[in-house]
Amino acid sequence: MTLVGNWSYPTAIKFGAGRIKELPEACKQAGISKPLLVTDKGLAALPITQDTLAIMEAAGLGAALFAEVDPNPTEINLAAGIEVYKAGGHDGVIAFGGGSGLDLAKTIAFMAGQTRPVWDFEDIGDWWTRADAAKIAPIVAVPTTAGTGSEVGRATVLTNSETHYKKIIFHPKMLPAVVICDPELTVGMPRMITAGTGMDAFAHCLEAYSSPFYHPMSQGVALEGLRLVNDYLPRAYADGTDLEARAQMMSAAMMGAVAFQKGLGVIHALSHPVGALYNTHHGTTNAVVMPACLAFNRPKIEARLDRAAAYMGIAGGYEGFCARVVELNEMLGIPAKLSALGVGTDRIDLLTEMALTDPSVGGNPVAMTAENTKALFEAVI
């Protein structure tokens, strides 16, 4: 099956193998004539990045690159990126890479024209209205992993380097103007990253589907996203060159990010502080804590996951669904406990405090308290 499409949901998306060649056209569509390509350190030297810079240069867009992006980007990375953006006289950003590169790129485009500090635009109430919307630069997003779905998101995650708290920065105009989803760009992903990013997409769909808020559109998208990850992540992991599996996973990643406007929950509330304090891979952290979080939420989600399991072709309802998550983790080489990722119990009180202030807490079906959250951390570490 040839998986190709032009969609506008929730933004303009050019989907299909080989479509990175349409990057100059995408920049024109977004109104960008002198882009800065922003990606992470690990991707900068890889052939997919160098080939993309060559496409830009051949089209007269230059080949400007900023790659000082940490796995959990901070305001220090942001300041360095804004400096390069301004010094180069750029008029837009190409966000290229996984969640870290995409998030920092979007934040550079957002903040380059603002005068207030980035923390003034945290996703609280109507704080986003403080921004000068006319000064937000256009963004073309090119994901090279299939996990966060940041390419279709209106928010980014930034770690405060002093407090180690992860903050969600939000503005509607951070939604990229054009997205190029080319599954060929994900073929070279290491198996560990395929696994972690894939389970991140699964976590987004699962938490959106489980969230108690009313949003039937997100509910439907999340359910199909769960099915796609369940069916195609094992294939993408087993054979990185399986383009159909890679394409379906790119779709699932976008679906998770579209769906989670309905809400996230305890999985993300736990993984955000762990990632901030221990610099663990976000999707892998989500996968490790997922089985315990399913048990934590059981009183409120059992009937809902019975229906999901039936739709996904998993026998045994809620129990079967949970068993499948454990099976997926084992199949993908995901460790059973956070201690395998270097997380200890010595900072459990701080982790608990950070988890309870995470914005994801409000979307969890079961109320999180200091007592039950600390017990959950003890169980997952």
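What you are looking at is a predicted structure, and each value in this text was computed from that prediction instead of being measured. (Residues numbered from 1 in each chain as written. Predicted model: local features only at pLDDT ≥ 70, side-chain atom pairs only at ≥ 80, totals over all residues. Heavy atoms only, no water.)

S.K.: Give me the overall build of the chain: which residues, what numbers.
M.R.: Each helix and strand in the chain was counted, giving 14 helices and 9 strands. Relative to the compact-globule value of 21 Å for 381 residues, the chain shows a C-alpha radius of gyration of 20 Å, a close match. Principal-axis analysis of the C-alpha atoms gives the chain an extent of 55 × 50 × 35 Å. A total of 381 residues make up the chain; the buried ones form 59% of that total. Taking as baseline every contact in the chain between residues at least 6 positions apart, the subset at least 24 positions apart corresponds to 76%. (Helix = DSSP H or I, 4+ residues; strand = E, 2+ residues; numbered from the N terminus. Rg over C-alpha atoms; globule rule 2.2 N^0.38 Å. Buried < 20%, exposed > 50% of the residue type's maximum accessible area, 1.4 Å probe, protein only. Contact = heavy atoms within 4.5 Å.)

S.K.: Could you give an account of unusual backbone geometry, with specific residues and numbers?
M.R.: The amide bond that connects Tyr 9 to the next residue, Pro 10, takes the cis arrangement and shows omega of 0°. For Pro 10, the position within the fold is in the loop between strand E1 (5-8) and strand E2 (12-15). One non-glycine residue, His 164, adopts positive backbone phi at about 70°. If you trace the backbone, His 164 turns up in the loop between strand E7 (155-159) and strand E8 (166-170).

S.K.: Break down the packing of helix H9 (residues 266-278) against helix H10 (residues 282-296) for me, citing the residues and quoting the values.
M.R.: Each pair of packed helices gets described by two things: the angle between the helix axes and the distance between those axes. Packing of H9 against H10 brings their axes to within 8 Å, and their N-to-C directions diverge by 140°. Considering their axes alone, H9 and H10 lie oblique with respect to each other. The handedness of the crossing between H9 and H10 is right-handed. Across the interface between the two elements, Val 266, Ile 267, His 268, Leu 270, Ser 271, His 272 and Val 274 from H9 touch His 282, Thr 285, Asn 286, Val 289, Met 290, Cys 293 and Phe 296 from H10. Here the contact of H9 with H10 is composed, by residue class, of 8 nonpolar, 6 polar and no charged. (Axes fitted to C-alpha atoms, helices over the stretch in contact; angles between N-to-C directions. Parallel < 35°, antiparallel > 145°, perpendicular 65-115°, else oblique. Left-handed = near helix turned anticlockwise from the far one by under 90°. Nonpolar A, V, L, I, M, F, W, Y, C, P; charged D, E, K, R; others polar.)

S.K.: I'd like a description of the sheet that holds strand E4 (residues 65-66), backed by residues and values.
M.R.: With mixed pairing, the 7 strands of this open sheet are ordered in space as E1-E2-E9-E6-E5-E3-E4. The two strands at the open ends of the sheet, each matched to only one other strand, are E1 and E4. As judged from the 2 bridges shared by strand E6 (residues 139-143) and strand E9 (residues 178-181), these two strands associate in the parallel manner. Counted as the bridge partner of Val 140 is Val 178 from E9. Against the sheet, helix H3 (residues 47-58) engages strand E3 (35-38), E4 and strand E5 (92-97), with an angle of about 175° to E3. Lying over the sheet, helix H5 (residues 99-111) contacts E3, E4, E5 and E6, oriented at roughly 170° with respect to E5. (Pairing = 2+ DSSP bridges.)

S.K.: Give a detailed account of the environment of Met 354, specifying residues and quantitative values.
M.R.: Residue position: Met 354 is located in helix H13 (residues 348-357). Spatially, the C-alpha atom of Met 354 lies 9.3 Å from that of His 164, the residues being 190 residues apart in sequence. Setting aside residues up to four positions removed in sequence, Met 354 forms contacts with His 164, Tyr 165, Pro 273, Ala 276 and Leu 277.

S.K.: Help me get a handle on H9, residues and values and all.
M.R.: Along its 13 residues, H9 runs 18 Å from first to last C-alpha, staying within 8% of the 18 Å computed at 1.5 Å per residue. Burial analysis of H9 places 13 of its 13 residues in the buried class, the great majority of the element. (Expected span 1.5 Å × (residues − 1).)

S.K.: Break down the environment of Thr 369 for me, citing the residues and quoting the values.
M.R.: Topologically, Thr 369 is positioned in the loop between H13 and helix H14 (370-380). Of the residues examined, Thr 369 reaches a relative accessible area of 37% and is grouped as partly exposed. Spatially, the C-alpha atom of Thr 369 lies 9.8 Å from that of Ala 355, the residues being 14 residues apart in sequence.

S.K.: Which residues make up the packing of aromatic side chains, and what values do they have?
M.R.: The geometry of two aromatic rings is summed up by the distance between their centres and the angle between their planes. Scanning the model with the defined rule gives 4 aromatic pairs in all. Here Trp 7 and Phe 15 contribute two aromatic rings whose centre-to-centre distance is 4.9 Å and whose plane-to-plane angle is 35°, an arrangement assigned as tilted. Measuring from centroid to centroid gives 6.3 Å for Trp 128 and Phe 170, while their planes differ by 85°, and the two rings are edge-to-face. One end of the pair, Trp 128, is in the loop between H5 and E6; the other, Phe 170, is in strand E8, with 42 residues separating them in the sequence. Positioned over the ring face of Tyr 278 is Arg 347, at 5.6 Å from the centre of the ring. (Phe/Tyr/Trp six-rings, centres within 6.5 Å; stacked < 30°, edge-to-face > 60°. Lys NZ or Arg CZ within 6 Å of the ring centre and 35° of its normal.)

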